[in-house]
Amino acid sequence: METTLKKMLFRKEISIIASLPENRIDLAQAAIDAGVDGLKFHINVSHRASRNEFKDIEHYFEIFEEVRRKFSGPIGLVIGDEIEKVLGTNTKQLKNLGFDYYSLYAKDIGSKMLLQNDLERTVAVNDNFCFEQVRIIESFNIQAVELSIVRKEDYGLPMNFEDFITYKSYRDNTKLPLIIPSQKNLVPDDMVILQEIGINAIMLGAITIGSTVESIFETISRFTKK
């Protein structure tokens, strides 16, 4: 198991990250048992896909510490959904809790989060970012780009050829690792095509894996063939 995000994303095979719908040990364990390569949690976020309200970091100390003991792969954290929530983040505290990287939209990343060296950095871009802008991200110390580019009205629909063309257009415009979140309802065949076009990881979230121990284990297992 790769212990850093960067190492995981530069493997030959496409990696699988589980973005959990709640910060719960049993849900994390289901994803681990199903064979995920990485995990992602949330704090200070109103999450659209899972319809959950994630609280401050203090509410989850014991959970995060326990998950770190159980899992040696990279663990990421969405620190907030507004830059004001992110500004006061203690990245050393997050590192000590076992987090390897943060995941934030570009609009929520301030200078402090670009300059810190405790966590690896991933940035999510939406459909307002054109292909050429993604190339500019290479000028900053960012380890990966999450292509959160699906329009809200298309959430949960099947992946189609237009989507693959769009993702390939981003791929052709940056050397950075690219992560595709399951804003659409991903299926294992989609992962095959995404690997062929050069995507480094898929991030399976609530739209695809659901919100129960059973659905998380069963769905992720179809992707990992566990």
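Analysis parameters
Residues numbered from 1 in each chain as written. Predicted model: local features only at pLDDT ≥ 70, side-chain atom pairs only at ≥ 80, totals over all residues. Heavy atoms only, no water. Helix = DSSP H or I, 4+ residues; strand = E, 2+ residues; numbered from the N terminus. Rg over C-alpha atoms; globule rule 2.2 N^0.38 Å. Buried < 20%, exposed > 50% of the residue type's maximum accessible area, 1.4 Å probe, protein only. Contact = heavy atoms within 4.5 Å. Areas by Shrake-Rupley, 256 points an atom, 1.4 Å probe, with all protein chains shown as cover. Lys, Arg positive; Asp, Glu negative; His and termini not counted. Charge placed at Lys NZ, Arg CZ, Asp CG, Glu CD. Core = buried A, V, L, I, M, F, W, Y, C linked by side-chain atoms within 4.5 Å. Salt bridge = Lys/Arg side-chain N within 4 Å of Asp/Glu carboxyl O. Phe/Tyr/Trp six-rings, centres within 6.5 Å; stacked < 30°, edge-to-face > 60°.

Draft legend 1. Just the overall build of the chain, in detail. Across its full length, the chain carries 11 helices and 10 strands. Relative to the compact-globule value of 17 Å for 226 residues, the chain shows a C-alpha radius of gyration of 16 Å, a close match. Its C-alpha atoms give the chain principal-axis dimensions of about 45 × 40 × 35 Å. In the chain, which comprises 226 residues, the share counted as buried stands at 53%. Residue pairs at least 24 apart in sequence account for 62% of intrachain contacts in the chain once pairs closer than 6 positions are excluded. Element-wise, carbon and sulfur atoms account for 50% of the exposed surface of the chain, whose accessible area totals about 10,800 Å². Each charge class in the chain can be summarised by its mean position, and for the 28 positive and 33 negative side chains these summaries are 4 Å apart.

Draft legend 2. Inspection of the side chain of Gln183 at higher detail. Mapped onto the secondary structure, Gln183 falls in the loop between strand E9 (178-181) and helix H9 (188-196). With near-sequence residues (within four places) excluded, Gln183 lies in contact with Tyr105, Leu147, Ser148, Ile149, Val150, Tyr155, Gly156 and Ile207.

Draft legend 3. Layout of the nonpolar core. Counting 62 residues, the largest nonpolar core has Leu39, Phe41, Tyr167 and Leu194 as its most contacted members. Per-element accounting of this core gives the leading share, six residues, to helix H2 (residues 25-34). When residues no more than four places from it in sequence are discounted, the contact partners of Phe41 are Leu20, Asn23, Ala28, Phe64, Val67, Ile75, Gly76, Leu77, Val78 and Phe99.

Draft legend 4. Representation of the environment of Leu77 in the model. Within the secondary structure, Leu77 sits in strand E5 (residues 75-78). The buried category is assigned to Leu77, whose relative accessible area is 1%. For Leu77 and Lys112, which are 35 residues apart along the polypeptide, the C-alpha to C-alpha distance reads 16 Å. Not counting chain neighbours up to four residues away, the residues in contact with Leu77 comprise Lys40, Phe41, His42, Ile43, Ile57, Phe64, Leu94, Phe99, Tyr101, Tyr102 and Ser103.

Draft legend 5. Structural context of the pattern of salt bridges. Inspection of every chain in the model, using the stated rule, returns 14 salt bridges. Asp26 serves as the salt-bridge partner of Arg24, at 2.7 Å between the closest nitrogen and oxygen. Among the salt bridges present, the one from Lys85 reaches Asp81, with a minimum N-O distance of 2.7 Å. When its relative accessible area of 22% is taken as the criterion, Asp81 is described as partly exposed. Through salt bridges with shared partners, one network takes in Glu22, Arg24 and Asp26.

Draft legend 6. The packing of aromatic side chains, seen in detail. In total, this model carries four aromatic pairs according to the counting rule given. For the pair Tyr60 and Phe64, a centre-to-centre distance of 5.7 Å together with 45° between the ring planes defines the contact as tilted. Centroid distance Phe64 to Phe99: 4.9 Å. Interplanar angle 80°. Geometry classified as edge-to-face. You can see Phe64 sitting in helix H3 (residues 61-70) and its partner Phe99 sitting in the loop between helix H5 (91-97) and strand E6 (101-105), a full 35 residues away along the chain. In textbook terms, an aromatic cluster arises when at least three aromatic residues are bridged by ring pairs, as seen for Phe41, Tyr60, Phe64 and Phe99.

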